Amino acid sequence: MLITFEGTEGCGKSTLIRNLSLKLQSLKIPHVVTREPGGSAVAEQIRALILHHEMDPLTELFLYEAARAEHFKKTVLPALQSGQWVLCDRFTDSTLAYQGFARGLDTGMIEKLNHMATGRRKPDLTFFLDLPVEEGLARAQDPNKFEKAGIAFQKKVRKGFLHSIRKDQKRFRVLRVKNKTPEQVCQAALRVLGDFL
Ligand code: TYD
């Protein structure tokens, strides 16, 4: 299973992934936790470049897709082929939301590049952690350039995710995280995963 986690800034993806991984360990389900951009040696170097430098949107898109091609071949695919689950913090839906809906690049082109970078392998399941953008931004410490871009930018990102969810309802599960504890969010995700065990 390839399971991806998406959301606007500060929605608590990383905490959920950490908690889920602990539960999967106790259930003896072999899995790999990874992230985009990053998740392999070269992709982590590209990550350092993208997150803290302003650049042309097209350059940014190509770097995300370059990191993805590398991460997919070096980390995701081998793990899936060896029968492990992959829990990935952000994936192709983030590119559509951030570079497409928020930066304004052509979404058809982004879909093509996403397909190229992943050999058309879609996630089996995608959790969208739903939190008002104002609350998420207030949580952000050591903000990256997207967090610094502010509320209007994040609202466009959110619109992008909602578009993907409408288009692919079977793949997405929306977890409402407002006023929920990390444990409650983790339990909700585990209930969903229970259908796949
Ligand atoms: P990160 O610090 O991991 O943020 P978060 O904890 O919110 O995931 O940085 C990843 C950033 O990269 C995040 O702001 C979203 C952005 N991003 C894109 O713009 N396009 C993409 O394709 C991906 C994977 C991430």
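Let's talk about the packing of helix α3 (residues 57-81) against helix α5 (residues 107-118)
Running from N to C, α3 and α5 point in directions that differ by 25 degrees, and their axes come no closer than 8 Å. Relative to α5, the element α3 lies roughly parallel. Of the two elements, α3 crosses α5, and the hand of that crossing is right-handed. The segment α3 lies against α5, with Leu 58, Leu 61, Phe 62, Glu 65, Arg 68, Ala 69 and Phe 72 engaging Met 109, Ile 110, Leu 113, Asn 114, Ala 117 and Thr 118. Tallied by class, residues from the contact of α3 with α5 come to nine nonpolar, two polar and two charged.

Some thoughts on the pattern of salt bridges
According to the stated counting rule, one finds 18 salt bridges in the structure shown. With a closest N to O distance of 2.9 Å, Glu 60 and Lys 145 form a salt bridge. Here Glu 60, found in helix α3, pairs with Lys 145, found in helix α7 (residues 145-148); they are 85 residues apart in sequence, far enough to count as distant. Side by side, Glu 60 and Lys 145 carry an identical accessibility label, which is buried. In this structure, Arg 171 engages Asp 93 in a salt bridge whose closest nitrogen and oxygen atoms are separated by 2.8 Å. Linking Arg 171 in the loop between α8 (151-167) and β5 (172-176) with Asp 93 in helix α4 (residues 92-102), this pair joins segments that are 78 residues apart in sequence.

Re the site of the ligand
The ligand sits among 15 residues. The nearest are Glu 9, Lys 13, Arg 90, Thr 95 and Gln 99. Lys 13 has a polar side-chain atom sitting 2.7 Å from an oxygen atom of the ligand. Within the side chain of Tyr 64, a nitrogen or oxygen atom sits 2.9 Å from an oxygen atom of the ligand. Those elements that place two or more of their residues in the shell around the ligand are α2 (41-52), α3 and α4. The dominant element in the shell around the ligand, judged by the number of residues it contributes, is α4, at four residues. Among the residues making up the shell around the ligand, the classes are represented as five nonpolar, four polar and six charged.

Re the side chain of Thr 34
Mapped onto the elements of the fold, Thr 34 is located in strand β2 (residues 31-35). With sequence-adjacent residues up to four places away left out, Thr 34 is seen in contact with Gly 39, His 71, Thr 75, Val 86, Leu 87, Cys 88 and Asp 89.

Focus on the sheet that holds strand β1 (residues 2-7)
The strands that make up a sheet are held in pairs by hydrogen bonds between backbone atoms, and each pair lies either parallel or antiparallel. Taken together, the five strands give an open sheet; going across it, the order is β2-β3-β1-β4-β5, and neighbouring strands pair in parallel fashion. Two strands lie at the open edges of the sheet, namely β2 and β5, each paired on one side alone. The sheet shows a mean angle of 20 degrees between the axes of neighbouring strands, direction not considered. The strands touched by α4 are β1, β4 (125-130) and β5; relative to β1, the strand with the most contacts, the crossing angle is about 25 degrees.

Parameters and conventions
- Residues numbered from 1 in each chain as written.
- Predicted model: local features only at pLDDT ≥ 70, side-chain atom pairs only at ≥ 80, totals over all residues.
- Heavy atoms only, no water.
- Axes fitted to C-alpha atoms, helices over the stretch in contact; angles between N-to-C directions.
- Helix = DSSP H or I, 4+ residues; strand = E, 2+ residues; numbered from the N terminus.
- Parallel < 35°, antiparallel > 145°, perpendicular 65-115°, else oblique.
- Left-handed = near helix turned anticlockwise from the far one by under 90°.
- Contact = heavy atoms within 4.5 Å.
- Nonpolar A, V, L, I, M, F, W, Y, C, P; charged D, E, K, R; others polar.
- Salt bridge = Lys/Arg side-chain N within 4 Å of Asp/Glu carboxyl O.
- Buried < 20%, exposed > 50% of the residue type's maximum accessible area, 1.4 Å probe, protein only.
- Near = heavy atom within 4 Å.
- Polar contact = N/O pair within 3.5 Å; in protein donor to acceptor, adjacent residues only side chain to side chain.
- Pairing = 2+ DSSP bridges.

Just geometry here; none of it tells us what the structure is for.
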